[in-house]
Amino acid sequence: MAATQAVFGYSNFDAESKIEEKFLTVPDARLAGQELKTLTAEPHLAATPGDRRTVDYVAQKFRAAGLETEIVPYRVLLNQPKVVRVEAHDAAGKLLMSGPTPEHVDNDPYQDDPNVVMPFNSSSASGDVNGEVIYANYGRLEDFNELAAQHIDLHGKIVICRYGMNFRGVKVYIAEQRGAAGVLIYSDPQDDGYYKGDPYPIGPWRPETGVQRGSVQYLFKYPGDPETPGVASTPDLPDSARVSPDGNQPHIVSIPISYHDAAPILEALKGPSVPQGWQGALPFRYHLGPGGVTVHLVSQQDYQRRTIWDVIGKIPGSEYPNDWVVVGNHRDAWVYGAVDPSSGTAAMLEAVHGVGALLREGWRPKRTIVFCSWDAEEEGLIGSTEWVEQHAAEMNHAVAYFNVDVAVSGPDFSASAVPSLKQFIRDLTRDVPSPAGGTVFEQWRVYHANDETHRAVGAASLDLNQVHVGDLGSGSDYTPFLQHAGVPSTDIGSDGSYGVYHSTFDDFAWYTQNADPHFEYLQEMARVLGLEAVRMADTDVLPYDYVAYAREISGYLEAAKTKARETGLNSLDFTPAETAAARLTEAAQRIHALEASPSGDLARLNGTLRETETALLTESGLPNRPWYRHTIYAPGEYTGYAAVVIPGVNEAIDAKDAARAAQQLAVLAQALDRAAQTLDQFNR
Ligand SMILES: [Zn+2]
């Protein structure tokens, strides 16, 4: 990189440029591969002995790099499966299937370990139920509404739906609301199996017996320990401080199955033929039910308060020790988790390796860097949520949270971020080499340009200096940071064909065959992640772009207004929110000029910039889910993973609730006014 380069947030980048160049030479592909192999040597489900061994390994790596390291335990409610059984009979009483069938392919060296946990849904209820079957496609709100339109009653029925399109907890949430007695969730080959390409072990896609485990917690209500919303589950927390998990978990049984086990049920199912978009890739016509088949579900879940462990490694800042730059990745896996999350852990360990090399040469970051290895993310973002709740005071001036989860499943870089950090992540990828040649930014742009040609005939042509950075919904550990505590966050990954998500086959053999045989993309991700931390920790002025933020918010308001009109909510007054957004835009433009040529009281400028994100939180939280406090971003109640923007307003419009929409527009206008005022206090 050129020594004369100008970087937003730095008055002079020369010294930092040398530090970053040094950092980039350290993360090592071969070492990352060794780390990945060690981390994935055995199953490491949260709160198990295998998990504990990864705790000690990661802690040892943190200490070796010179980080102040501690192992932080929490005591949280978790279920582990004792019995999971599914049987199906036809109308004549003949047995059609009995499962779950063990996950198995030819020649996978890892699949037969006795510690591979049987497929189950974390947060499922225990139960023993019989019922007729109804097929509900992806289990989206519109799918359930279609069944209702066809007068198909779900009371006492077993809903079978396929994975994809939304968070699995949402499928169970709606099924329970509609009166279902149980839910089967299966992986249709159309979505991540042979319809996409060759299944493992020939290719990367889901084999016949592969099952996607996963949590069905109602994380769109709140994530973390179901018994302690807003409070940290420290080991000394008295039981009297815990609440019922009732509002956070389904009350019905749900069981994940393979298409091997789903096929005999779906094939026997009678009733109306499915709407065309509901047909999957199994070789027969699908029907909605009921009729032709009944299923029997047995689920015995062992619920206990179990101990989980975060590993936290700190490097104290030299100038602003109270301003934390937090970097995190979860460590727990459903089974081996080579991609999810161990590729992220290996990348983080090599980022730590790089930062350790800088420390040995005498470098100290201006701000404190905190590396975090989270536990029990898979069950509901638990390790990160409890830690954020424990450090609520520190979070008020944490300047960034940089997440990585599924770091590498292939070569295609992607990122999501709060709008103020979208340009930061684009700029930074211009300084990291790609294994495919050129920089990460250049490969990212090429990939997106191709992507665009495939999907959008006649769409506006791409700006070649821009690449799309997504919005943060949920499904990983940035959720408590951004949506509860208001810490500006990013999430990065390198994606490819990945059909073994949450199955036993997400192992080292699959990884080296399909994702990244030479671990070069682990090295790439280590460099990007580490550079995020180093650059943010040393910056003169926090490089938040509130002009971009205000522009996005104005766009969200415009879209919501159109939707309100289409929904028939014509009397909703958007003017106060639009006026506040315009005021934020003007304040952002003034502060942006100051950021571009930093001088004067930088500590005060940085404080102002950081407080502006906090100003977007609302103390009372979102309607019916007070834990979620961010007025601009939340996971959707009916999407779970995908972000809903200006959620209070949009979800009220979706529910056709004019009074609530008006009230939420007022809450939003106040938040935007607070943010504008915060910036203007400095401008003045
Ligand atoms: Zn993960």
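Refer to the structure above for everything that follows.
Reading the values: rules and limits
Residues numbered from 1 in each chain as written. Predicted model: local features only at pLDDT ≥ 70, side-chain atom pairs only at ≥ 80, totals over all residues. Heavy atoms only, no water. Helix = DSSP H or I, 4+ residues; strand = E, 2+ residues; numbered from the N terminus. Rg over C-alpha atoms; globule rule 2.2 N^0.38 Å. Buried < 20%, exposed > 50% of the residue type's maximum accessible area, 1.4 Å probe, protein only. Contact = heavy atoms within 4.5 Å. Areas by Shrake-Rupley, 256 points an atom, 1.4 Å probe, with all protein chains shown as cover. Phe/Tyr/Trp six-rings, centres within 6.5 Å; stacked < 30°, edge-to-face > 60°. Lys NZ or Arg CZ within 6 Å of the ring centre and 35° of its normal. Donors = N, O, S within 2.8 Å, 3.2 Å for Na, K, Ca; no water. Tetrahedral: all angles 85-135°; square planar, octahedral: opposite > 155°, others 65-115°. Axes fitted to C-alpha atoms, helices over the stretch in contact; angles between N-to-C directions. Parallel < 35°, antiparallel > 145°, perpendicular 65-115°, else oblique. Salt bridge = Lys/Arg side-chain N within 4 Å of Asp/Glu carboxyl O. Lys, Arg positive; Asp, Glu negative; His and termini not counted. Polar contact = N/O pair within 3.5 Å; in protein donor to acceptor, adjacent residues only side chain to side chain. Core = buried A, V, L, I, M, F, W, Y, C linked by side-chain atoms within 4.5 Å.

Student: Lay out the overall build of the chain in plain terms, naming residues and giving numbers.
Tutor: Helices and strands together make up the secondary structure of the chain, namely 20 helices and 16 strands. Against the compact-globule benchmark of 26 Å for 684 residues, the chain has a radius of gyration of 25 Å, which places it among compact chains. Counting only residues that meet the buried cut, the chain has 61% of its 684 residues in that class. A fraction of 80% describes how many contacts in the chain between residues 6 or more apart in sequence connect residues 24 or more apart. Of the roughly 23900 Å² that the chain leaves accessible, carbon and sulfur atoms contribute 51%.

Student: So what's going on with the packing of aromatic side chains? Which residues, and what values?
Tutor: Scanning all chains against the criterion turns up 30 aromatic pairs. An angle of 80° between the planes, with centres 4.9 Å apart, marks the rings of Trp627 and Tyr628 as edge-to-face. We note that Trp627, like Tyr628, is buried. Taken together, the ring pairs connect Trp324, Trp374, Trp387, Tyr401 and Phe481 into an aromatic cluster. Positioned over the ring face of Trp309 is Arg52, at 5.3 Å from the centre of the ring. In this structure, Arg430 is placed above the aromatic ring of Phe441, and the distance from its NZ or CZ to the ring centre is 4.0 Å.

Student: Break down the coordination of the zinc ion for me, citing the residues and quoting the values.
Tutor: Taken together, the protein ligands of the zinc ion are His330 (NE2), Asp340 (OD), Asp405 (OD) and Asp405 (OD), with distances of 1.9 to 2.7 Å. Here the zinc ion binds 4 donor atoms, and the angle range of 53 to 142° at the metal identifies the geometry as irregular. Read N to C, the donor residues that coordinate the zinc ion are spaced as H-x9-D-x64-D. A residue pair is termed long-range when its members are at least 10 positions apart, and Asp340 in helix α8 (residues 338-360) and Asp405 in strand β12 (residues 400-408) qualify at 65 residues. On the basis of relative accessibility, which here comes to 8%, the residue Asp405 falls in the buried class.

Student: Give a detailed account of the environment of Ala6, specifying residues and quantitative values.
Tutor: With respect to the helices, strands and loops of the structure, Ala6 is situated in the segment before α1 (14-24). Accessibility expressed as a relative area gives 74% for Ala6, which makes it exposed. Taking C-alpha positions, Ala6 is 22 Å from Ala417, a pair spaced 411 residues apart along the chain.

Student: An account of the packing of helix α18 (residues 602-615) against helix α20 (residues 658-683) is requested, with residue identities and associated values reported.
Tutor: Contact geometry for α18 and α20: axes closest at 8 Å, N-to-C directions at 175°. Between α18 and α20, the angle falls in the class roughly antiparallel. Taking contact as the criterion, the partners of Arg604, Leu605, Thr608, Leu609, Glu611, Thr612 and Ala615 in α18 are, on α20, Ala671, Arg674, Ala675, Thr678, Leu679, Gln681 and Phe682.

Student: Which residues make up helix α11 (residues 422-429), and what values go with them?
Tutor: Of all 8 residues in α11, 6 are buried; the element is thus mostly enclosed. Among the residues of α11, those classed as buried are Lys422, Phe424, Ile425, Arg426, Leu428 and Thr429.

Student: Give me the pattern of salt bridges: which residues, what numbers.
Tutor: Taken as a whole and assessed by the stated rule, the structure comprises 33 salt bridges. Put simply, Arg75, Asp225, Glu227, Asp239, Arg242 and Arg305 are held in one network by salt bridges that share partners.

Student: Give a detailed account of helix α7 (residues 259-268), specifying residues and quantitative values.
Tutor: Think of an α-helix as 3.6 residues a turn; residues three or four steps apart then line up on the same face. Judged by how many residues are buried, α7 sits mostly within the fold: 7 of 10 residues are covered. Looking only at α7, the buried set comprises Tyr259, Asp261, Ala262, Ala263, Ile265, Leu266 and Ala268.

Student: Describe the environment of Ser122, with residues and values.
Tutor: Within the secondary structure, Ser122 is located in strand β3 (residues 121-122). Each C-alpha atom, one on Ser122 and one on Leu668, is 35 Å from the other, the two residues being 546 residues apart in sequence. For Ser122, the residues in contact, after removing those within four places along its chain, are Asn79, Gly214, Ser215, Val216, Gln217, Trp334 and Glu379.

Student: I'd like a description of the side chain of Asp538, backed by residues and values.
Tutor: With respect to the element layout, Asp538 can be found in helix α15 (residues 520-538). The buried charged residue Asp538 lacks any salt bridge, with Lys366 as its nearest oppositely charged partner at 6.2 Å. A distance of 3.1 Å separates a polar side-chain atom of Asp538 from the backbone nitrogen of Lys366. When neighbours within four sequence positions are excluded, Asp538 is seen to be in contact with Tyr10, Glu16, Ile19, Trp363, Arg364, Pro365, Lys366 and Arg367.

Student: Account for the nonpolar core, naming residues and giving values.
Tutor: Within the largest apolar cluster, 208 residues are counted, with the highest numbers of intra-cluster contacts made by Tyr186, Phe371, Trp387, Tyr511, Ile632 and Leu672. It is α15 that contributes the most residues to this core, 11 residues altogether. Not counting chain neighbours up to four residues away, the residues in contact with Phe371 comprise Phe62, Leu67, Val311, Ile312, Gly313, Ile315, Val327, Met348, Val352 and Val355.

Student: So what about the side chain of Arg213? Which residues, and what values?
Tutor: Turning to its location among the elements, Arg213 is positioned in the loop between α6 (189-192) and β7 (214-215). Residue Arg213 is classed as buried on the basis of its relative accessible area, which comes to 0%. Here the side chain of Arg213 touches Val117 through a polar contact of 2.8 Å, landing on its backbone oxygen.

Student: Which residues make up unusual backbone geometry, and what values do they have?
Tutor: With an omega of 5°, the peptide bond running from Gly99 to Pro100 counts as cis. Along the chain, Pro100 turns up in the loop between β2 (95-99) and β3. The omega torsion across Gly289 and Pro290 is -5°, close enough to zero to call that bond cis. The topology assignment puts Pro290 in the loop between α7 and β9 (293-315). Unusually for a residue other than glycine, His151 sits at a positive phi of about 60°. Locating His151 in the fold gives a position in the loop between α4 (141-149) and β5 (158-162). Of note in this structure, Met165 is not a glycine but carries a positive phi near 75°. Topologically, Met165 is positioned in the loop between β5 and α5 (168-177). Classification of Met165 as exposed rests on a relative accessible area of 58%.

From the geometry alone we can't say anything about function, so treat these as descriptive.
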